[in-house]
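Commentary on secondary and tertiary structure
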Amino acid sequence: MTCYDRQDLGLLLLRLGTGGVLAAHGAQKLFGWFGGGGIEGTGAAMEAMGYSPGKQSGVLAGLSEAGGGALLALGLATPAAGAAAAGAMTGAAAVHAPNGFFAAAGGYEYAASLALTAAGLAVTGPGRLSLDHALGHAVNRGWMVPAALAVTGAATAVVVGLRNRRVREAAEFGQETLFDE
């Protein structure tokens, strides 16, 4: 086996593992599979986390995870798939950030790892063992990588920024006055 063949096999394994995990997370949100809350439960959870409107946020997160994950696993439209999945997981990391880094303490470690792996696959490409390669890279052009990451990065920054503002405002509104003046 040559180094090039090993690289393709390694990319296939990364795509299948990361894409499979992301697709399962999305299926929890969209369909209630694997112990997930489905659209209704996910919508309520998203609203409680500060993502509003909750139901639409849950659908978008579920589609980004399930769709991005499935496309990553297949190696199809890899720049868009990786960017969509990275954006969704960045939103998840924002929720867990107050708990620190490590997942054992409820931190953002797991979400950040999935986001970085998805973004890395978007940049690196799917390798030869992919539908992108089989289709002549019709939806995996070099210019698509910065475009997909820029659009997703900007959208994610806006969504997470609005969520953080809602959370801050809710915390300020909910605080009791410590001293009467």
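Presented here is a report on the structure given in the accompanying data block.

About the thresholds
Residues numbered from 1 in each chain as written. Predicted model: local features only at pLDDT ≥ 70, side-chain atom pairs only at ≥ 80, totals over all residues. Heavy atoms only, no water. Phe/Tyr/Trp six-rings, centres within 6.5 Å; stacked < 30°, edge-to-face > 60°. Buried < 20%, exposed > 50% of the residue type's maximum accessible area, 1.4 Å probe, protein only. 1 Å grid on protein atoms, 1.4 Å probe; cavity = no way out; pocket = protein on both sides within 12 Å on 5 of 7 lines; lining within 4 Å. Points joined across faces, edges and corners; volume = space filled by probe spheres on them. Helix = DSSP H or I, 4+ residues; strand = E, 2+ residues; numbered from the N terminus. Patch = residues over 30% accessible without salt bridge, like charges linked within 9 Å, V, L, I, M, F, W, Y side chains within 5 Å. Areas by Shrake-Rupley, 256 points an atom, 1.4 Å probe, with all protein chains shown as cover. Salt bridge = Lys/Arg side-chain N within 4 Å of Asp/Glu carboxyl O.

**Focus: the packing of aromatic side chains**
Per the counting criterion, the structure on display carries four aromatic pairs. Consider the rings of F31 and W33, whose centres lie 4.8 Å apart with planes at 35°: the pair is tilted. You can call W33 partly exposed: its relative accessible area is 48%. Arranged with centres 6.3 Å apart and planes meeting at 90°, the rings of W33 and F34 form a pair that is edge-to-face. Taking relative accessible area as the criterion, F34 reaches 60% and is therefore assigned exposed.

**Some remarks on the layout of surface pockets**
Counted as a void, the largest pocket has a volume near 830 Å³. Taken together, 36 residues make up the lining of the largest pocket; nearest its centre are M46, A61, A88, G91 and A92. For the lining of the largest pocket, the secondary structure elements donating two or more residues are helix 1 (3-31), helix 2 (38-48), helix 3 (54-74), helix 4 (78-96), helix 5 (109-124) and helix 7 (144-174). No other element matches helix 4, which puts eight residues into the lining of the largest pocket.

**As for a nonpolar patch on the surface**
A surface patch of nonpolar side chains, about 270 Å² in accessible area, is lined by L9, L13 and L129. Within the secondary structure layout, L13 lies in helix 1.

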